[in-house]
Each structure stands twice: as structure tokens, then as C-alpha cells.
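Working through the structure, step by step
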Amino acid sequence: MHLTKKRANKISSYAFTLMEMLVSVAIIGILFVSFYVGIASGFGVVNLARENLRANQIALEKMETIRLYTWEQINSNGFIPPTFTAPFHPPVAGETNNTNSSFVYYGNVTIENAPVASAYSNNMRLVTVTVLWTNSGTARTRSMQTLVSEHGMQNYIY
Amino acid sequence: MECKITSTKARSLRRQSATTLVEFMIGVSIGGIVLAAIAMLTVYTVRSFGAISNYVDLDKDSRFALDRMSQMIRESDGVISCSTNELVVSYHANNLTYTYNPNTRILTQTYTNGTTTLLEGCDSLTFELFQRNPVNGTYDQYPATLIESAGKMVQVTWICSRTLVGSLVNTESVQSAKIVIRKQ
């Protein structure tokens, strides 16, 4: 009788209980999921940085072209379109395997009176370019502003 | 009596220490599954980190090249010649040349101080030249194909890529910019 008890104690000390197994499986599961979520989060951050970079490029392109308009064209209703669209992946000459998912940025350009409390404020305009897109269900927006003046614009076109 | 007890203990100990074939096969199966899962996770992690690193590297290089080109083209005196793969502008009375070689996939900048590599691993790059007059109702300008010296705006678009683990992972970066020459 004494020997039987001793043997039973020995056996229980070598085996894992169901609870121990469940805890270890849960810990391993949490580790795997954490790895996956961490990597997915890294991809998300990089992706957002790339989309931000492209949004800035699009806004900057519009800002650059503002310099090519005359003062009359800036003030002409409709000469500069108030809205535009631009792809994330613009068409590139010679590109044969464009398999990237290319979503579209939506943008708008507003031209307002300059918020300048001065006598020459009527000779200035505030131009705002806003770019909007959606990233993982979240609406994102970037915007740029510049002031243009009547005598700072180009005054000839040939 | 003593002998019988000793004999029983020895037999039971032997049964504890051994494994049956079924136990062994189950152990090998579980071990294999765990090892396979760890191997897949390791490969996935390495590839993912490589891809993220490639994207960051591409964006860094492209941003640097674009900043540098924008700064110098804006400051140039005017366009001397422009083709799909080459742009020559006058920069402080000297020729500043940007050349894209599709064979080596490299974009270089050549000035009086020598030749510098701006981009590597460039699959495609295009220069386009436009005049100053905008098209009504669009954000476009008329192309300056006949008189290159009338060029006021340069558009440059490129696509760069890196491969990882052979061609299993291909990371791309597309950049596009319109640069208006200020002095022209």
C-alpha cells in the first residue's frame, strides 16, 4: 500500500496537466498573433508613409503649376478646375507589369481672398490645395497653402 | 515476499520509462507541426522585414533624388535639350545633365564637379518638357516639343524596384513631379 502511493506520486510529477497544456498553448498562441500583428502594423505604417509621400507630390504638382497662371486666370472662375483626381500609381512609360493596386486621390483647389489686413490684400489670393484619400477605412487628408500676388504672377503668355 | 515486491517495482518502472510506437509517432507529428509553424513564421518574418526595409530604402532614395533634382532644375537658367532619357539644363552658365540609362537602370547627374549617381534600380524614367501656357480647365500645359528652349516646366516620372529572395518579393516605388523653372 505504501509502495503504490509512492509510485502514483512519481507518475504525477512527470506528466503535464491539462491546465498546464492549455496555458502553454495560450502563451504560444499569443506570441504568434503578436508577431503577426507587429509585422502587419509595420506594413501599415510604411504604407501610410508612402501614401503620404504621394499625396504631398500631388499637392506640390498643383502648387507648382499655380506659378504658370496669370493674375486674370487665377481670378477667372473655372479656368483652374476646383477638383481633380490623381492615381496613387501614375502611368509610367515602358512599364509592362503594373500589378500594383492603384487607388485614386481626390483633391480640390480653393482660391480665396488673402487673410491679410492690409491695403494690398485685394492684390493677393490664398490658394489651398487639399488631397483626400482613404487608408484602411480611415479618411486621410493633406493640404498645402500659398499666397499669390498680382505682381508676382507671370504676366505674359505666348 | 520481498522478492515479489522487488519484481513488481522493477516491471512498473520499465513501463514508465519506455514509449510505445503510437506515442512516438504522435510526438513526432506534433513536433513536426510545431517546427513547420516556426519555420513558416521565420520565413514570413524575414520576407516582411526585407520588404519593409526595401520600401523605406526606396522612398528615402527617391525623396533624396527628387529633392536634389527639384532644387537644381528650379534654379537653372533654362532648358538646353530634352529627350525621354536625358535632360540638359543651363545651371550657372554650365551644362547640368541628367541621364537615365535603361541598361544599367541608373540615373546620373553630371555637372562640372563630376558625375553623381542619383538613383539605382530604376526600371523606367521619363522626362517631359512643357511650355508655360496652361490649358484652360485643366492642370496641364502644352508640350514644348518643337522649341526646347521655350520649356518652362519639366515633368519627371520614374519607377524603381528592389527584389528580395530572388524574385519572390518585388517592392516598387513610383515618383512623379512637375518642376517649374523659376528664371525662364
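Quantities reported herein were computed from a predicted structural model and do not represent experimental measurements.

Overview of the sheet that holds strand 1 (residues 78-82) of chain B
Residues and elements named next belong to chain B. Pairing is antiparallel across the open sheet formed by 5 strands, whose spatial order is 1-2-3-4-5. With partners counted over all chains shown, the strands left at the sheet margins are strand 1 and strand 5 (114-120), one partner each. Strand-to-strand, the axes of this sheet are offset by a mean angle of 20 degrees, without reference to chain direction. Inspection of the sheet shows strand 1 paired to strand 2 (residues 86-91) by 4 bridges, in the antiparallel sense. Counted as the bridge partner of Ser 81 is Val 88 from strand 2. Seen against the sheet, helix 2 (residues 21-75) touches strand 2, strand 3 (94-101), strand 4 (106-111) and strand 5 and runs at an angle of roughly 135 degrees to strand 5.

A few points about the confidence of the model for chain B
In this model, chain B carries a mean pLDDT of 84, and residues with pLDDT of at least 70 account for 87%. Predicted as a complex, the structure gets a pTM of 0.75 and an ipTM equal to 0.70.

A few points about the interface of chain B and chain A
Each partner contributes residues to the interface: chain B has 45 residues there, and chain A has 41 residues. For the pair chain B and chain A, the summed buried area comes to about 4000 Å², and 62% of that belongs to carbon and sulfur atoms. Run the count over chain B and chain A and you get 2 salt bridges. In this structure, the salt-bridge partner of A:Glu64 is B:Arg182, at a minimum N-O distance of 3.2 Å. Secondary structure elements with two or more residues in the side of chain B that touches chain A: helix 1 (2-17), helix 2, strand 6 (122-134), strand 8 (153-164) and strand 9 (169-180) of chain B. It is helix 2 of chain B that provides the largest number of residues to the side of chain B that touches chain A, a total of 14 residues. Of the residues in the side of chain B that touches chain A, the class split is 19 nonpolar, 18 polar and 8 charged.

Describing the nonpolar core
All names here are of chain B. Residues Tyr 98, Phe 127 and Trp 158 are the most contacted members of the largest nonpolar core, which totals 30 residues. Broken down by element, this core gets its largest block of residues, 6 residues, from helix 2. Discounting residues that sit within four places of it in the chain, Tyr 98 has contacts with Arg 68, Met 69, Met 72, Ile 73, Asn 85, Glu 86, Leu 87, Leu 107, Thr 108, Gln 109, Leu 118 and Phe 127.

Quick notes on the side chain of B:Gln131
Along the chain, B:Gln131 falls in strand 6. Of the polar contacts made by the side chain of B:Gln131, one reaches the backbone oxygen of B:Pro143; its length is 3.1 Å.

Here we look at the pairing of strand 2 (residues 104-113) of chain A
Residue and element names in this part refer to chain A. Looking at chain direction, strand 1 (residues 83-87) and strand 2 are connected through 5 bridges and run antiparallel. Each residue of the ladder has a partner; that of Phe 84, found in strand 2, is Gly 107. As judged from the 8 bridges shared by strand 2 and strand 3 (residues 124-135), these two strands associate in the antiparallel manner. Across the sheet, residue Ile 111 finds its bridge partner in strand 3, namely Val 127.

Examining a nonpolar patch on the surface
On the surface, A:Leu18, A:Met19, A:Leu22, A:Val23, A:Ile27 and A:Leu31 cluster together into a nonpolar patch covering about 620 Å² of accessible area. Along the chain, A:Val23 falls in helix 2 (residues 18-66).

Comments concerning the sheet that holds strand 2 of chain A
Residue and element names in this part refer to chain A. Judged by pairing direction, the sheet is antiparallel, and its 4 strands sit side by side in the order 1-2-3-4 without closing on themselves. Edge positions in the sheet fall to strand 1 and strand 4 (138-149), since each of these pairs with one other strand and no more. Along the sheet, successive strands turn relative to each other by an average axial angle of 20 degrees, direction set aside. Across the face of the sheet, helix 2 comes into contact with strand 1, strand 2, strand 3 and strand 4 while running at roughly 155 degrees to strand 3.

Some words on the pairing of strand 8 of chain B
Residues and elements named next belong to chain B. Among the 12 residues that make up strand 8, 11 are buried, leaving the element largely enclosed by the rest of the structure. The sheet contact formed by strand 6 and strand 8 spans 8 bridges and is antiparallel. The partner of Glu 128 across the bridge, within strand 8, is Gln 155.

Remarks on unusual backbone geometry
All names here are of chain B. Phi at His 92 takes a positive value of approximately 50 degrees, unusual for a residue other than glycine. If you check the backbone angles, Ala 93 has positive phi at about 70 degrees while not being a glycine. Residue classification places Ala 93 among the exposed residues on the basis of a relative accessible area of 68%.

Examining the environment of B:Gly78
Residues and elements named next belong to chain B. Along the chain, Gly 78 falls in strand 1. Since its relative accessible area comes to 8%, Gly 78 is described here as buried. Between the alpha carbons of Gly 78 and Val 88 there is a distance of 8.9 Å; along the sequence they are 10 residues apart. Not counting the four nearest positions on each side in its chain, Gly 78 is found in contact with Val 89, Ser 90 and Gln 184.

Criteria and thresholds
Residues numbered from 1 in each chain as written. Chains lettered and ligands numbered in written order. Predicted model: local features only at pLDDT ≥ 70, side-chain atom pairs only at ≥ 80, totals over all residues. Heavy atoms only, no water. Pairing = 2+ DSSP bridges. Helix = DSSP H or I, 4+ residues; strand = E, 2+ residues; numbered from the N terminus. Axes fitted to C-alpha atoms, helices over the stretch in contact; angles between N-to-C directions. Contact = heavy atoms within 4.5 Å. pLDDT = per-residue confidence, 0-100. Buried area = accessible area lost by both parts, 1.4 Å probe. Salt bridge = Lys/Arg side-chain N within 4 Å of Asp/Glu carboxyl O. Nonpolar A, V, L, I, M, F, W, Y, C, P; charged D, E, K, R; others polar. Core = buried A, V, L, I, M, F, W, Y, C linked by side-chain atoms within 4.5 Å. Buried < 20%, exposed > 50% of the residue type's maximum accessible area, 1.4 Å probe, protein only. Polar contact = N/O pair within 3.5 Å; in protein donor to acceptor, adjacent residues only side chain to side chain. Patch = residues over 30% accessible without salt bridge, like charges linked within 9 Å, V, L, I, M, F, W, Y side chains within 5 Å. Areas by Shrake-Rupley, 256 points an atom, 1.4 Å probe, with all protein chains shown as cover.

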